[in-house]
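# Coordinate analysis (summary)
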Amino acid sequence: MAKYFNFGENVPKRKQDEALDSEAEKILDAYFQDESDSGRFTSEEIAANVRETLKVTTAQVFDYMSSHGYRLERVDDRLVWVID
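Quick notes on the rules
- Residues numbered from 1 in each chain as written.
- Predicted model: local features only at pLDDT ≥ 70, side-chain atom pairs only at ≥ 80, totals over all residues.
- Heavy atoms only, no water.
- Phe/Tyr/Trp six-rings, centres within 6.5 Å; stacked < 30°, edge-to-face > 60°.
- Helix = DSSP H or I, 4+ residues; strand = E, 2+ residues; numbered from the N terminus.
- Buried < 20%, exposed > 50% of the residue type's maximum accessible area, 1.4 Å probe, protein only.
- Arc of directions from axis to C-beta.
- 1 Å grid on protein atoms, 1.4 Å probe; cavity = no way out; pocket = protein on both sides within 12 Å on 5 of 7 lines; lining within 4 Å.
- Points joined across faces, edges and corners; volume = space filled by probe spheres on them.
- Nonpolar A, V, L, I, M, F, W, Y, C, P; charged D, E, K, R; others polar.

For the structure on display, the rule yields 5 aromatic pairs. With 6.3 Å between their ring centres and 50° between their planes, Tyr 31 and Phe 41 make a pair best called tilted. In this pair, Tyr 31 is assigned in helix 1 (residues 15–31) and Phe 41 in the loop between helix 1 and helix 2 (43–50), connecting sequence segments 10 residues apart. Consider the rings of Phe 32 and Tyr 70, whose centres lie 5.3 Å apart with planes at 55°: the pair is tilted. One end of the pair, Phe 32, is in the loop between helix 1 and helix 2; the other, Tyr 70, is in strand 1 (residues 70–75), with 38 residues separating them in the sequence. Residue Phe 32 shares its accessibility class with Tyr 70, and that shared class is buried. Three or more aromatic residues link up through ring pairs in this structure, and these residues are Tyr 31, Phe 32, Phe 41, Tyr 64 and Tyr 70.

See the structure below:
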């Protein structure tokens, strides 16, 4: 009898992934220490700007920005992150 596995559900997060999230948060904290660039960058641009220090995904950038008081706003047909 064949066994079927669903690898997408109920898979615990690996410690390595948690460490990457912690590192990504530290990098993004440092990057946004001076918030003068509000409304300038997309998630993809932010990920590209910090890539020399640490490779982060646009999903990690989105999670970080959403949880740190930023919101998306449409400017010149682009969705950029702004903070009030």
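To continue, consider helix 2. If you check which residues of helix 2 are buried, you get Ser 43, Ile 46, Ala 47 and Val 50. Taken around the axis of helix 2, the buried residues stretch over an arc of 100°, which confines them to a single face.

The subject of this paragraph is helix 3 (residues 58–67). All buried positions along helix 3 are accounted for by Gln 60, Val 61, Tyr 64 and Met 65. The arc enclosing the buried residues of helix 3, seen along the axis, measures out at 125°, which places them on a common side. For helix 3, the exposed residues lying more than 90 degrees away from the buried face are Asp 63 and Ser 67. Directly beyond the C-terminal end of helix 3, a positive phi value near 90° is found at Gly 69.

For the coordinates displayed, the defined rule picks out 1 cavity of 30 Å³ or more. Considering only enclosed or pocket space, the largest cavity measures out at about 50 Å³ in volume. Around the largest cavity sit Phe 32, Glu 35, Asp 37, Ser 38, Phe 41, Ile 46, Met 65, Tyr 70 and Trp 81, which together line it. Residue composition of the lining of the largest cavity, grouped by class: 6 nonpolar, 1 polar and 2 charged.

Below, the discussion takes up the environment of Glu 44. Tracing the backbone through its elements, the reader meets Glu 44 in helix 2. Note on Glu 44: relative accessible area 60%, which makes it exposed. Sequence separation of Glu 44 and Val 80 is 36 residues, and the distance between their C-alpha atoms is 9.8 Å.

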